[in-house]
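Understanding the architecture of this molecule
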2 protein chains.
Amino acid sequence: MRRYFPILEWGRGYSRAILTDDLVAAVIVTIMLIPQSLAYALLAGLPPVVGLYASILPLVAYAIFGTSRTLAVGPVAVISLMTASAAGAVAAQGTAEYLEAAITLAFLSGIMLAVLGFLRAGFLANLLSHPVISGFITASGILIATSQLKHILGISAGGDNWPTMLASLAASIGETNLWTLAVGVPATLFLFWVRKGMKRSLLATGMNARAADIAIKAGPVLAVAVTILAAIAFNLAEKGVNLVGEIPAGLPPFALASTDLSLIEQLWVPALLISIIGFVESVSVAQTLAAKRRQRIAPDQELIGLGASNIASAFSGGYPVTGGFARSVVNFDAGAQTPAAGAFTAVGIALASLFLTPLLTSLPIATLAGVIIVAVLALVDFKTPGQLWRYSKADFAAHVATIGITLLAGVELGVIAGVGVGLLLYLWRASRPHAAIVGRMPETEHFRNVERHKVFTVPHVLSIRIDESLTYLNARWLEEYVLERVAERPELRHVILMASAVNEIDASGLESLEAINHRLIDGGIGLHLSEVKGPVMDRLQRTDFIEELNGRVYLSQSRAFDELLRDDGEDTAIPDDFPRGVI
Amino acid sequence: MRRYFPILEWGRGYSRAILTDDLVAAVIVTIMLIPQSLAYALLAGLPPVVGLYASILPLVAYAIFGTSRTLAVGPVAVISLMTASAAGAVAAQGTAEYLEAAITLAFLSGIMLAVLGFLRAGFLANLLSHPVISGFITASGILIATSQLKHILGISAGGDNWPTMLASLAASIGETNLWTLAVGVPATLFLFWVRKGMKRSLLATGMNARAADIAIKAGPVLAVAVTILAAIAFNLAEKGVNLVGEIPAGLPPFALASTDLSLIEQLWVPALLISIIGFVESVSVAQTLAAKRRQRIAPDQELIGLGASNIASAFSGGYPVTGGFARSVVNFDAGAQTPAAGAFTAVGIALASLFLTPLLTSLPIATLAGVIIVAVLALVDFKTPGQLWRYSKADFAAHVATIGITLLAGVELGVIAGVGVGLLLYLWRASRPHAAIVGRMPETEHFRNVERHKVFTVPHVLSIRIDESLTYLNARWLEEYVLERVAERPELRHVILMASAVNEIDASGLESLEAINHRLIDGGIGLHLSEVKGPVMDRLQRTDFIEELNGRVYLSQSRAFDELLRDDGEDTAIPDDFPRGVI
């Protein structure tokens, strides 16, 4: 019971002191979330108020089912972009069908996350390696920032990949609305300054650090307020500046996802990608924050928590949500102690959508675009490619492929290609594991690689150490590797496979061992194993392999080597002056 | 040059003795191949003569580009079934479009194989584990045998999965043609006897073993000859027995694959599956035979050899081919020494298609169906599931899933599902590698698992041995595992990661180590590494990690343990009576 309802755990120790902390955090996060939620809804191609709807019930659902104490759930940039891409493929922006597609995406994604949680399939998120995730986020940041330029310029433009976006912008740049530019550019520059320079300036005035931090959170609210006033004062609507316009005041409506099977067939792949990307982002944030306070999160239960949030979002007219990085850090820094802070934030946003929406009618869209651009450019990371190039060419390749394909072919193909390239490179390496021919280190029981150490070997006994589990991915390699080494050595009478690093032998690995055994029998050569781990040996004993083995299984490599030398009447003493790597 | 043209290698040592061996083998293989080629073309839904066409130029192309000395290339059962399934999806059997689709499949498959060969991508074949391959072959055998029953019964039936095939057979079983049955059943039983009991009977008559073997190869030819005579003698065509009918005599025509892009779009996935399955079958056979004579094959060059064979097949009006098990074993046993035997076989088949085809007009289809049924039932394997169940539940699951999905949803989905299930199970295990908390074995320098051995540990130093490379698949696990162990131990001051089994650390693994380091710094705990392998250390030194590490890198675990105890003023002597696994 407690596993599925973490609220029962933290709810019992709830006190007045924790309540105060949670309330303070909720106020700060609410102030920050209002402009951000509106902006991300815009990015998703939805009416701004949908961003508010998606920031109410999902927070409550996560407070009940989530395991992180400080994660803040709601609309985030990358998921908003993916929603725009998926919904845009089935309906035109601004239509009822488009909104229905967004709601359906949230519902499908919620169901998928919850099912993966019950199946304890959180491990699937591992398929996204760090280089793939960071490449995807960098490319998404570039795509998102580019997509918002049209709002700063006050022109119409489209495109769902970088080249078409740039071409579309270039085609209509002549129609730039200077009034829009006059709002958007200063607002964006101000927001950049809030993020980069404001804290220093405030500290220089003698303000204390905590107050300065809170003031920074209010920066976007200030930009929103000032540009609303400017829009009213200069009557910008008549000068061609796009404003948010009429927003229906009130609590989120009850909504239902579509049950149209052909729509679901079109949306399930994007919904799955949204689920996985959202889960990876959320779990990374939650883990980082939990570790700072030595708390733990349960990834499989997190799937259920995020699933519940998305289902709640769908039923309240919202779109896909996940745990966001920026808002969670603000929540954490503001002192949130429990998920109740999230529930209080939900109340704050609900009040905002009841009473503040009339004030937002005159908000210029360009201001929201500025909020988005400043938020996403912080995600773009130009240092990683160089670091990866120096550290690992394979990881660099996966990173660059993800960036390139995301920019050129859009977010969905970008993620899929990143996972594909990462997996192919992994499988390629897994199919060529490390193995070494080993010999005895003089006067020890240790056996080391003949290529790196001056070790003792004899021509008729070949010792091979396999540094990997034997699985189907390397089964063919194993046969080739062993038989090639054998073919090179006409004097050979015994092969010892040193299995100290073999943690598992699957059925394909076993078949390859059997094949090697049979081929060595044909050639009159014995096959022996040494240092087989307990669990591996237990399983081998359930088969005929040990019985059919043309040799023995030795507890230690040194015993195997000694006995096989002695059986053949050889002297096991190492000559004083033996050549390196004699075989 | 020699890499791409292995013929330059073996051609130089060609002698009269080798010529004799190759010629004898070619005669035997030709006799066996004629009925088999006709039968497999029938299985592929093509005119029987196409089977002959596909057994001429492909053999010549393989002789030039292939690396196996004894592999015999041509139509095989599973690939014929896959061809029928793919071509049947785009055109009706018996139409010119159907034949064009089959030729296009051969061409696409040839190009794909050759490209994979130049990219040295033979490792992709590793994705098919032994349990998946054997499951696929068993299920294909059942499907193929079932698909041929209609020819034995003389009825019409269809279906491309097992349930629909059985339902279709059941629906028209009342229309069984008794004359067809009177030909098909005895022919099939005779062929079974040839395979299972004939050799013993021949040996009992005093015939020598080699002569008996050759006689067995001629068994199907006998069945063909007798049923042709019966068809003529009893005028079976008029009694409703389906005969092969008019076959155009002559050499293979020159043919071109379709360049229709929409056809190619429909066929490329099946062509890729045909390529991979064909390659896996062929390489397994070639490797087995090469090893028996201590020869080697080069898998990447084999891709080029098979690619050339398929392209040759497409240009001569054939369909996809690969190295077949039965024919290659016959070629080997008959004493073939070089691929020239294959070229001579090609001449034999070419003569047959020039001069023998008029004789085959009256061959009952039921006889060919018998040839197929007897051949494929030898592939069905009922022992493997039980063996896998006892040895490995994961492999059993992949095997059974492949059989089930192949039978229920056809060959293409069967292969894809098998690869998918195998990969998922592999990734699931790879994301949860083995690790152990280790302690010192008394009076040694060895460190062993605290759960299995009575070892010495102290509460403030935690030694963890990771039995796996650190990659993106287990990076998240690593963080969770280490930080959970740390969270359990309030007295902890040092963590040592013993990296003796870590063969690689990719960028994601490195990031996890960095994250662990930072979190341990937050908690005032040192992080140390021991027994890091040379190549791994080389790469770590190209990063900031070692500099930022809140601890040291030790050459040996025992030195790390000793020093960390000594630094803290502890006594490293092990008390006489320490409890098991104290931490």
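Relevant structure appears above.
This is a predicted model, so every value here is computed, not measured.

Cut-offs and rules
Residues numbered from 1 in each chain as written. Chains lettered and ligands numbered in written order. Predicted model: local features only at pLDDT ≥ 70, side-chain atom pairs only at ≥ 80, totals over all residues. Heavy atoms only, no water. Pairing = 2+ DSSP bridges. Helix = DSSP H or I, 4+ residues; strand = E, 2+ residues; numbered from the N terminus. Contact = heavy atoms within 4.5 Å. Axes fitted to C-alpha atoms, helices over the stretch in contact; angles between N-to-C directions. Expected span 1.5 Å × (residues − 1). Least-squares fit on C-alpha atoms with pLDDT ≥ 70 in both. Parallel < 35°, antiparallel > 145°, perpendicular 65-115°, else oblique. Left-handed = near helix turned anticlockwise from the far one by under 90°. Nonpolar A, V, L, I, M, F, W, Y, C, P; charged D, E, K, R; others polar. Phe/Tyr/Trp six-rings, centres within 6.5 Å; stacked < 30°, edge-to-face > 60°. Buried < 20%, exposed > 50% of the residue type's maximum accessible area, 1.4 Å probe, protein only.

1. Describing the sheet that holds strand 6 (residues 494-498) of chain A
Whenever strands of a sheet pair, they do so through backbone hydrogen bonds, lying parallel or antiparallel. Residues and elements named next belong to chain A. Ordered by their spatial adjacency, six strands build an open sheet running 4-3-5-6-7-8, and the pairing between neighbours is mixed. Only two strands of the sheet have a single neighbouring strand rather than two, namely strand 4 (447-449) and strand 8 (553-554). The strands that helix 22 (residues 507-522) touches are strand 6 and strand 7 (526-530); relative to strand 7, the one it contacts most, it runs at about 140°.

2. Some remarks on helix 7 (residues 130-153) of chain A
Its 24 residues place the ends of helix 7 of chain A 35 Å apart at the C-alpha level, agreeing with the 34 Å of an ideal helix rising 1.5 Å per residue. The first or second residue beyond helix 7 of chain A is Gly154(A), which carries a positive phi of 70°.

3. As for the relation of the copies chain B and chain A
It takes a turn of 180° to lay chain B on chain A, together with a shift of 0.0 Å along the axis; the resulting RMSD is 0.1 Å. One copy is carried onto the other by what is essentially a two-fold rotation axis. Across chain B, the rotation axis passes nearest the C-alpha of Ala501(B), at a separation of 3.2 Å. A share of 100% of interface residues in chain B that are also interface residues in chain A marks the association as one of identical surfaces.

4. Some words on the packing of helix 5 (residues 77-88) of chain A against helix 7 of chain A
All names here are of chain A. Helix 7 packs onto helix 5 with a crossing angle of 65° between their chain directions and a minimal axis gap of 10 Å. Overall, the two elements helix 5 and helix 7 adopt an arrangement that is roughly perpendicular. The handedness of the crossing between helix 5 and helix 7 is left-handed. Listed contacts from helix 7 to Ala-77, Val-78, Leu-81 and Met-82 of helix 5 are Phe-136, Ser-140, Leu-143 and Ile-144. Grouping the amino acids of the contact of helix 5 with helix 7 by side-chain chemistry returns seven nonpolar, one polar and no charged.

5. Examining the sheet that holds strand 6 (residues 494-498) of chain B
Residues and elements named next belong to chain B. Spatially, six strands are ordered 4-3-5-6-7-8 in an open sheet, and the strand pairing comes out mixed. Each edge of the open sheet is held by one strand with a lone partner, namely strand 4 (447-449) and strand 8 (553-554). The pairing of strand 5 (residues 461-466) with strand 6 spans five bridges and is classified as parallel. What sits directly across from Ile-464, in strand 6, is Leu-497. The strands that helix 21 (residues 475-487) touches are strand 3 (435-440), strand 5 and strand 6; relative to strand 5, the one it contacts most, it runs at about 155°. Contacting strand 6 and strand 7 (526-530), helix 22 (residues 507-522) runs over the sheet at an angle of about 140° to strand 7.

6. Regarding the packing of aromatic side chains
Residues and elements named next belong to chain A. Under the definition given, this model contains 17 aromatic pairs over all chains. Aromatic pair Trp-389 and Phe-396: ring centres 5.0 Å apart, planes at 75°, arrangement edge-to-face. We classify Trp-389 as partly exposed; its relative accessible area is 46%. Pairing Phe-456 with Phe-561 gives two aromatic rings, centres 6.1 Å apart and planes at 85°, and the pair type is edge-to-face. Of this pair, Phe-456 sits in the loop between strand 4 and strand 5 (461-466) while Phe-561 is found in helix 25 (residues 557-567), placing the two residues 105 residues apart along the sequence. Given a relative accessible area of 1%, Phe-561 falls into the buried group.

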